[in-house]
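Summary of structural features
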Amino acid sequence: TSTPYTPLSSRGQKPPTPFYWELVAAVNSFPGLGVPDFFRVLVLTRKKAAEELLNFLRDLMRRLCDPDLAIPAETSFIQEMGKLLTAVLNSDDPLGFTALRSPDKKAGGSAASQGAATAPAGGDAAAATEQPPEDLDKLLEELDSLVGLTQIKKDVRSLINLIKVRKLRQAEELKVPEMSLHMVFTGNPGTGKTTVARLLARLYRSIGVLSTGNLLEVDRAGLVAGYVGQTALKTLEAVKKARGGILFVDEAYSLVPDGSGTNDFGQEAISTILKAMEDMREELVVIVAGYPEPMERFIESNPGLESRFGKYFHFEDYNGAELMDIFRLQCRKNQYVPDEETEKFCIDMFNEMYENRDENFGNARDVRNIFERAVTNQANRLAAMEKPTKDDLMKLIKDDIVGPKDEETEKKEEPEEKKDEETSE
């Protein structure tokens, strides 16, 4: 055959046939092959370096070509590669968030409201779109059943009402002001931030704002990698998993540990999330959460953060009565019954915990820990009984809450009269 080819061969091997370049051309046109993720991240984080890399690749490919043979497939490959990488270099969306949107979203519609079943990769999210949206009234009843959180419940209801009315205005082709659904949750640990976020995801799906209603909870470790460029890829993967639902970033201030906003891989995560919040605003809600003061510094660390987050919810500490209600709820849910003495003891204990709380106060987490220890102590107590009854299995007594005393503690608590008698003897 007279068809030219580049003689890429090793000693003892036959040179490639013309079919070789036909195969190369076919592979090059395969839609599954595209721009590598590392180049997209480089464009986002270090655009000048990406431009230099592109020029280097062009020059390298030209030098690798056979200077004596004009191979169309070689020329075509270099041209197409250059066009593809240049398009990403000049794109406002180098990470390809636009490609993640469902067709309905690209057209300006609501995938959730039109019954679309688009979801990120992953069984849970895909399964979520197959289930019908939950009833809004029942979800609001679930919100009302949460202990405490009086102001949060009002804020969530107001937000849901606002979104419902916006959708009605849009249906009537009336103007609606710009609105960000991204939120900042501030409060101490154990105040219900994650619980409310999960409920919000389901509420948003119920009213047609989100397509899956799933929640992906991450922290710094789930977003930040150890090398430049890897963090953006890791964050992008989290964004893909959360698409159609809520990305919940706990202790978000840890992405900017020194408060300066510089010289830390966390900035790559922030830049990627900010881009996703803008490009996927109809497919993704981002909630950042953490302690009040550090979260304030976090928002101020990047000008883009303050403009992206439109809602701020503050979660107050649970007071003594609310802590007791949470303990009772744990008991009812798990079929345990504190006796009268235990009830009185716990009321006083939780009131004292609230009054003397410090920066380590865990709110509902502390209550859960106390309940779990009580269950363990009760099990140890019942194990010594020959045949515990059903009532025995359900009853919690004061000693279950307090815990077993060791011999040293018992000696310290001996009555003074008994100690005097032992001394005189």
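In this text the structure is predicted, and so the values were computed from the model without any measurement. (Residues numbered from 1 in each chain as written. Predicted model: local features only at pLDDT ≥ 70, side-chain atom pairs only at ≥ 80, totals over all residues. Heavy atoms only, no water.)

In this section: the overall build of the chain. Looking only at helices and strands, one finds 22 helices and 7 strands in the chain. Burial statistics for the chain: of 425 residues in total, 40% are counted as buried. Here the chain displays about 24700 Å² of accessible surface, and carbon together with sulfur accounts for 50% of that area. (Helix = DSSP H or I, 4+ residues; strand = E, 2+ residues; numbered from the N terminus. Buried < 20%, exposed > 50% of the residue type's maximum accessible area, 1.4 Å probe, protein only. Areas by Shrake-Rupley, 256 points an atom, 1.4 Å probe, with all protein chains shown as cover.)

This part is about the state of the cysteines. Considering all chains together, one arrives at 0 disulfides under this definition. With no disulfide of its own, Cys331 has Cys346 as its nearest cysteine by sulfur position, at a separation of 7.5 Å. (Disulfide = S-S within 2.5 Å.)

With that settled, the discussion passes to the pattern of salt bridges. Applying the stated criterion to the full structure yields 13 salt bridges. A salt bridge links Glu217 to Arg198; the shortest N-O distance between them is 3.9 Å. With Glu217 in strand β2 (residues 215-218) and Arg198 in helix α10 (residues 193-206), the pair connects residues that are 19 residues apart, well separated along the chain. Taking relative accessible area as the criterion, Glu217 reaches 38% and is therefore assigned partly exposed. What emerges from the salt-bridge pattern is a single network uniting Glu134, Glu142 and Arg202. (Salt bridge = Lys/Arg side-chain N within 4 Å of Asp/Glu carboxyl O.)

So, on to the layout of surface pockets. Size it by volume and the second largest pocket reaches roughly 770 Å³. Surrounding the second largest pocket, 30 residues form its lining, Gly190, Gly192, Thr195, Ala364 and Arg368 being those nearest its centre. Here the residues of the lining of the second largest pocket are counted per class, giving 11 nonpolar, 10 polar and 9 charged. (1 Å grid on protein atoms, 1.4 Å probe; cavity = no way out; pocket = protein on both sides within 12 Å on 5 of 7 lines; lining within 4 Å. Points joined across faces, edges and corners; volume = space filled by probe spheres on them. Nonpolar A, V, L, I, M, F, W, Y, C, P; charged D, E, K, R; others polar.)

A few words on the sheet that holds strand β3 (residues 246-250). Spatial ordering of the open sheet is given by β2-β3-β4-β1-β5, a layout of 5 strands whose pairing is parallel. Because the sheet does not close on itself, it has two edges, and the strands there are β2 and β5 (311-315). Each adjacent strand pair in this sheet contributes to an overall mean axis angle of 20°, direction not counted. Relative to β5, strand β1 (residues 183-187) runs parallel, the two sharing 5 bridges. Its bridge partner being in β5, Gly187 is matched across the sheet by Phe315. In the packing of helix α9 (residues 150-171) onto the sheet, contacts are made with β1 and β5, and the angle to β5 comes to roughly 160°. (Pairing = 2+ DSSP bridges. Axes fitted to C-alpha atoms, helices over the stretch in contact; angles between N-to-C directions. Contact = heavy atoms within 4.5 Å.)

A separate point is the packing of helix α16 (residues 320-333) against helix α18 (residues 364-383). One can describe the packing of α16 onto α18 by two numbers: an axis separation of 10 Å at closest approach and a directional angle of 45°. On the basis of the axis angle, α16 is oblique to α18. In the packing of α16 onto α18, the handedness of the crossing is right-handed. Here Leu323, Ile326, Phe327, Gln330 and Cys331 of α16 come into contact with α18, specifically with Ala364, Val367, Ile370 and Phe371. Taken together, the residues of the contact of α16 with α18 sort by class into 8 nonpolar, 1 polar and no charged. (Parallel < 35°, antiparallel > 145°, perpendicular 65-115°, else oblique. Left-handed = near helix turned anticlockwise from the far one by under 90°.)

Under the counting rule described, the total for this entry stands at 1 cavity of 30 Å³ or more. Each pocket or cavity is described by its volume, and for the largest cavity that value is around 60 Å³. Lining the largest cavity are Val249, Ala252, Leu255, Ile270, Ile273, Met277, Val286, Val288, Phe298, Leu305 and Phe309. Looking at the lining of the largest cavity, the elements with two or more residues in it are α13 (266-279) and β4 (285-290). If you tally residues by element for the lining of the largest cavity, the top one is α13, at 3 residues. Of the residues contributing to the lining of the largest cavity, the split by class is 11 nonpolar, no polar and no charged.

Note on placement: Ala252 falls in the loop between β3 and α13. C-alpha of Ala252 to C-alpha of Pro294: the two residues are 42 residues apart in sequence and 8.8 Å apart in space. Beyond its immediate sequence surroundings of up to four residues, Ala252 is in contact with Val288, Ala289, Met295 and Phe298.

Further remarks concern the packing of aromatic side chains. Applying the stated criterion across every chain yields a total of 7 aromatic pairs. Both rings, one in Phe185 and one in Phe313, keep their centres 5.6 Å apart while their planes meet at 10°; by these two values the pair is stacked. Remark: Phe313 occurs in strand β5 and Phe185 occurs in strand β1; sequence separation between them is 128 residues. Per residue, the accessibility class of Phe185 equals that of Phe313, and both read buried. Ring centres 6.3 Å apart and planes at 75° place the aromatic pair Phe327 and Phe371 in the edge-to-face group. (Phe/Tyr/Trp six-rings, centres within 6.5 Å; stacked < 30°, edge-to-face > 60°.)

The next point concerns the environment of Gly222. Inspection of the secondary structure assignment puts Gly222 in helix α11 (residues 220-223). Here the alpha-carbon distance between Gly222 and Thr235, two residues 13 residues apart in the chain, equals 7.7 Å.

Across the chain, pLDDT averages 80, with 74% of residues at or above 70. Per-residue pLDDT, averaged within each element of the chain, yields its smallest value for helix α6 (residues 103-106) (48) and its largest for strand β6 (residues 337-338) (96). Under a pLDDT of 50 for its full length, residues 103-123 has, in the predicted model, 44 contacts with residues more than four places off or in other chains. (pLDDT = per-residue confidence, 0-100.)

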